[in-house]
Amino acid sequence: MEDKIIHTPRFDEQRRMRRKKRQRLQLFIFLSIVAIVSLILIYMFTSISYVKKISVNDTSINSTKTIKEKSGIQSNMRIYSLDTKQIVSNIEYLDGVKSVTVRRHFPNTVSINVEEYDVLGVVKDGEHYHPALENGQILHKHNYAEPSEVPLINNFSSKALNQLVKVLRASDTAIINQISEINFIPKVEASNRVQFYMKNGLEVIGDMRTIDNKLNYFPAMASKLKKDSNGRILKPGIIDLEIGAVFIPYESKQAEERRIELEAAMEERSEKDKAELEKSVEKLKKELNQVKKNS
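Residues numbered from 1 in each chain as written. Predicted model: local features only at pLDDT ≥ 70, side-chain atom pairs only at ≥ 80, totals over all residues. Heavy atoms only, no water.

Another aspect to go through is the overall build of the protein. The helix and strand tally for the protein stands at 8 helices and 11 strands. Counting every position in the protein, which comprises 295 residues, the buried fraction comes to 33%. Once local pairs closer than 6 in sequence are excluded, the contacts in the protein between residues at least 24 apart make up 50%. For the protein, the accessible surface area stands at approximately 19,500 Å², while carbon and sulfur atoms represent 53% of it. (Helix = DSSP H or I, 4+ residues; strand = E, 2+ residues; numbered from the N terminus. Buried < 20%, exposed > 50% of the residue type's maximum accessible area, 1.4 Å probe, protein only. Contact = heavy atoms within 4.5 Å. Areas by Shrake-Rupley, 256 points an atom, 1.4 Å probe, with all protein chains shown as cover.)

Here is the structure:
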């Protein structure tokens, strides 16, 4: 068949052009592969692939410095060899951490996103404040700023604190932001009594077993009270939610009686806590003396 093809100058020229085009394409593919392989090798075996930047999202419990240190990432590590699962595991051991996500970004950046448990309040210990989290945990090793955005929580046992956490989680965020202080003041006839001091000058008293359904009524009740031109409540008082929903002005005799009762309950609670602390200290002393004798 080849012998029967009539080779005209135009046909030969077209065939040469096709051959050259095919050769150029083959050369381009070859050079591209060489270039890609060269770039990969340069990236893998030069300083370009070393970790240059670690970005961390804003957190309130753990500092950016602490998270970076706990991640274990060093500047002499190559980004492609990082064990992201191990990094996540390292950071998850930090107090207050809910979840961690680690991502690598070309050419040499690592981003760490840490989700922490919400801080629902702070517990005072001497001159320090420790965050109380939404999972009921108190971080005694962490010092928190003096409370402003979150309420100060006083006199709660572990069991009572877990109940309080459920109450706060069931309440609107806008209401929690209005609370400045929370006290646990149980008595024999009111073993679950809780007291909320609000930033607008009002006081809310309730039973922790039922107040989670009632606390959301607070804004509506507060809005009905008379205010001055600056929005301050003219006659502050107590909103009693223990049984129903009653407002008691501070200037009334009923409020005075309620105040005396609450102060007595707080004093009783304080004395009880003091006695328990002294008992624990005495027990510890006996154990230490026993250890000394045995040694």
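From this point, the narrative continues.
For the rest of this paragraph, the subject is the sheet that holds strand E3 (residues 109-116). Read across the open sheet, the 3 strands follow the order E1-E3-E2; overall the sheet is mixed. Bordering the open sheet on either side are strand E1 (53-56) and strand E2 (97-105), each of which pairs with just one other strand. Direction aside, the axes of adjacent strands within the sheet are offset by 15° on average. Here 8 bridges tie E2 to E3, and the two strands are oriented antiparallel to one another. Bridge pairing links Val-102 to Ile-112 in E3. The sheet strands contacting helix H2 (residues 64-71) are E1 and E3, and the helix crosses E1 at an angle near 125°. Across the sheet, helix H3 (residues 84-92) touches E2 and E3, and the angle it forms with E2 is around 150°. (Pairing = 2+ DSSP bridges. Axes fitted to C-alpha atoms, helices over the stretch in contact; angles between N-to-C directions.)

In an α-helix, one turn spans 3.6 residues, which is why side chains three or four residues apart end up on the same side. The set of residues buried in H3 consists of Ile-87, Val-88 and Ile-91. For H3, the angular spread of buried residues about the axis comes to 100°, placing them on one side. Contacts made by the buried residues of H3 are with H2, E2 and E3. (Arc of directions from axis to C-beta.)

This part covers the pairing of strand E7 (residues 179-184). A regular strand places its side chains on the two faces of the sheet in alternate fashion. As paired strands, strand E6 (residues 152-154) and E7 are joined by 3 bridges and run parallel to one another. Bridge pairing in E7 places Ile-153 opposite Ile-182. Where E7 lies against strand E8 (residues 193-198), 5 bridges are found, and the strand directions are antiparallel. Bridge pairing in E8 places Phe-184 opposite Val-194.

A word on the side chain of Glu-116. When you line up the elements, Glu-116 lands in strand E3. Summary of buried charges: Glu-116 has no salt-bridge partner, and the nearest side chain of opposite charge, Lys-98, is 11 Å away. Among the polar contacts listed, one links the side chain of Glu-116 to the backbone nitrogen of Ser-60, at a separation of 3.0 Å. Only 2.9 Å separates the side chain of Glu-116 from the backbone nitrogen of Asn-62, close enough to count as a polar contact. (Lys, Arg positive; Asp, Glu negative; His and termini not counted. Salt bridge = Lys/Arg side-chain N within 4 Å of Asp/Glu carboxyl O. Polar contact = N/O pair within 3.5 Å; in protein donor to acceptor, adjacent residues only side chain to side chain.)

For the rest of this paragraph, the subject is the nonpolar core. If you look at the biggest cluster of nonpolar residues, it comprises 31 residues, and the most contacted ones within it are Phe-156, Leu-164, Ile-182, Phe-196 and Val-204. At the level of secondary structure, the elements contributing two or more residues to this core comprise strand E4 (119-125), helix H4 (158-170), helix H5 (173-176), E7, E8 and helix H7 (218-223). Among the elements that line this core, the one with the most residues is H4, at 6 residues. Residues contacting Leu-164, with those up to four places away along its chain left out, are Ile-153, Phe-156, Ile-182, Phe-196 and Met-208. Judged by nonpolar contacts, the second largest core, of 18 residues, contains Tyr-43, Ile-73, Ile-91 and Val-100. (Core = buried A, V, L, I, M, F, W, Y, C linked by side-chain atoms within 4.5 Å.)

A word on the pattern of salt bridges. Opposite charge on two side chains allows them to pair when their charged atoms are near. Evaluation of the coordinates by the stated rule reveals 6 salt bridges. Note that Lys-98 is salt-bridged to Glu-134, the shortest N-O span being 3.9 Å. One end of the pair, Lys-98, is in strand E2; the other, Glu-134, is in the loop between strand E5 (128-133) and E6, with 36 residues separating them in the sequence. Here Arg-169 and Glu-134 are joined by a salt bridge, their closest N and O atoms 3.9 Å apart. Here Arg-169, found in helix H4, pairs with Glu-134, found in the loop between E5 and E6; they are 35 residues apart in sequence, far enough to count as distant. When its relative accessible area of 57% is taken as the criterion, Arg-169 is described as exposed. A single salt-bridge network, built from bridges that share partners, covers Lys-98, Glu-134 and Arg-169.

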